[in-house]
Amino acid sequence: MLISCYFFVYSPLFQRELLHLFLKRRTFNYKSYSIMKTSPILHGIWLLSLAFFTSCQPQLQEIPEQVMGLAPVYATTDWRVIKVSDSRAIQKLGKMYYKDGYIFAGERGQGIHIIDNRDPFNPRRLKFIEIAGNSDVAIKGNFLYANNLFDLVVLDISNLDQIRVVSRVEKAFPNIEATPLPDNYTGFFECTDPARGVVSHWEEQLLKRPQCWR
Amino acid sequence: MKQLLRFSFLLLALALLSQCTDLETASPDSAGTTGVGGSLAQFTIVGNFLYTVDASNLRTFDISKPDAPELRHSTKISSNDVETIFPLNNWLFLGTQSGMLIYQLSANGNPSFVSAYQHVVSCDPVVANKEFAYVTLRATGCRGAGFGAADRLDIISIANIRQPQIISSYFMREPYGLGVDGTTLFVCDGRYGVRVFNVANPSSIVEIAHLEGFTAYDVIPLRGLLLVIGPENIYQYDYTDLQNIRQISQIPFGV
């Protein structure tokens, strides 16, 4: 019993797992699986778990006056402007991509560090490409593909001193409305306000009576 | 709950069949080579196409003209839990929280669903190599990990791509990203560093080295040079001599 309580508090997706077993996977064509057999048992578990979920949730969190958590940083109106600046310290590394002796290291939600790694004993940071809301990158030939929030941008990197944007697909990823919380973050965060624009990244801050958590 | 567990394990053994697709290869890469990403990537390039995943979509962009990329195709993935994408030959391997999905690329670049390997909900990238796919499943610190989820490495035979089959499974401590180079498999074990395995015999892999003393989230093996991502550093190792893997440099964060 305690275990089911635990799972519902810490794992809202557990519900989804059950739902999957129950609804979605029924549409799959599993050869030797009959939903009819297991369904009543699952149904029982589901109802039982629901009962626990409702009894668990009120104790889930008490909202503190002040607590460290994550606050959204909204993209400025010029978030589509891509700038190349001098190298800077890596803070929160996201994805990494390697090509021909260079490392492209993503700064979560902010851009891409270019590191000259032709001599892996002495890697050197070269540049930082500022790309708001960036989370991923891939390169083919002289062209770098990255997301700029929900747009896809293509940069010509044939000359690292003259990186330039060659194209942009607006709203290529329409379901990215905001940069999500870091993957494994659990804790309080400031609720996002769509009226203030799109979230480009998150920063650790002292929050006052935060209304959101996960 | 026992029933649910048993049921989840049952799912492991099942695979999906889909309609046949043509086996032609995608058009040759004529405009330059692609780089290498980690196992947690959500973008990958195969031939003239950029494939991207978010939770519920697999998108295909035609990048034959970099100055005018075009969205060609978008596939909805009903489980809404896609985390990673990995290319091998004409296949894409998607790591989702509920399993591994395999898509085949047709000559026009469009992916079509081939098969799936299902498991209990957990965090799980996938990489593949010739006949095998390697999947890590992480319950520790995985938001949303399902009941019965464990920290482990699964080796799956993809000799028959339409029917992936589990060969063996090994317990890990908190596995994140992974990378494979020939018969050498690198598994990031979170706070427990990087574990290096000889996977020549997939039913009984052998740990040949354990790089410890730091936290590791993802790796990129580059034929003798291993890039490791941690929360505080990028580490580089020389693994040309597997009996003597040594760190050659690190790129610290914050400075």
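Residues numbered from 1 in each chain as written. Chains lettered and ligands numbered in written order. Predicted model: local features only at pLDDT ≥ 70, side-chain atom pairs only at ≥ 80, totals over all residues. Heavy atoms only, no water.

**As for the confidence of the model for chain B**
With 88% of its residues at a pLDDT of at least 70, chain B reaches an overall mean of 87. Across the interface, the model reports ipTM at 0.85; the global pTM reads 0.77. (pLDDT = per-residue confidence, 0-100.)

**Some remarks on the sheet that holds strand β20 (residues 233-238) of chain B**
Residues and elements named next belong to chain B. A sheet is described by the order of its strands in space; here four strands give the open sequence β18-β19-β20-β21, paired in antiparallel fashion. With one partner strand each, in any of the chains shown, β18 (218-222) and β21 (246-252) form the two edges of the open sheet. Across the sheet, the mean angle separating the axes of adjacent strands is 20° when strand polarity is ignored. Bridging between β18 and strand β19 (residues 225-229) involves five bridges; their strand directions are antiparallel. Of the residues in β19, the one forming a bridge with Ile 220 is Leu 227. (Pairing = 2+ DSSP bridges. Helix = DSSP H or I, 4+ residues; strand = E, 2+ residues; numbered from the N terminus. Axes fitted to C-alpha atoms, helices over the stretch in contact; angles between N-to-C directions.)

**A closer look at the packing of aromatic side chains**
If you walk through the whole model with that rule in mind, you get eleven aromatic pairs over all chains. Aromatic pair A:Phe173 and B:Phe61: ring centres 5.7 Å apart, planes at 70°, arrangement edge-to-face. Taken as a pair, A:Phe173 in the loop between β10 (164-169) and β11 (188-189) and B:Phe61 in strand β4 (residues 57-62) lie in two separate chains rather than in one. We classify B:Phe61 as buried; its relative accessible area is 0%. A ring pair is formed by A:Phe188 and A:Trp213, whose centres lie 6.0 Å apart and whose planes are at 70°; its orientation type is edge-to-face. You can see A:Phe188 sitting in strand β11 and its partner A:Trp213 sitting in strand β13 (residues 212-213), a full 25 residues away along the chain. Relative accessible area serves as the criterion here: at 9%, A:Phe188 is assigned to the buried category. Classification of A:Trp213 by relative accessible area gives partly exposed; the value is 28%. Of the aromatic side chains, those joined through ring pairs into one cluster are A:Phe173, B:Phe43 and B:Phe61. (Phe/Tyr/Trp six-rings, centres within 6.5 Å; stacked < 30°, edge-to-face > 60°. Buried < 20%, exposed > 50% of the residue type's maximum accessible area, 1.4 Å probe, protein only.)

**Topic: the state of the cysteines**
Here, the word disulfide means a covalent bond between the sulfur atoms of two cysteines. Using the criterion set out here, one finds two disulfides over all chains in the structure. At a sulfur-sulfur separation of 2.1 Å, the disulfide partner of A:Cys191 is A:Cys212. One quick way to see it: the torsion about the S-S bond of A:Cys191 and A:Cys212 is about 115°, and its sign makes the bridge right-handed. Residue A:Cys191 is found in the loop between β11 and β12 (199-208), and its partner A:Cys212 is found in strand β13; the two are separated by 21 residues along the sequence. For B:Cys123, the disulfide goes to B:Cys142, at an S-S distance of 2.2 Å. Disulfide B:Cys123-B:Cys142: the torsion about the S-S bond is 80°, which places it as right-handed. (Disulfide = S-S within 2.5 Å.)

**Examining the pairing of strand β6 (residues 82-88) of chain B**
Residues and elements named next belong to chain B. Counting buried positions along β6 yields six of seven residues, so the element is predominantly enclosed. Both β6 and strand β7 (residues 91-96) contribute to a ladder of six bridges, which runs antiparallel. Directly across from Ile 85, in β7, lies its bridge partner Leu 94.

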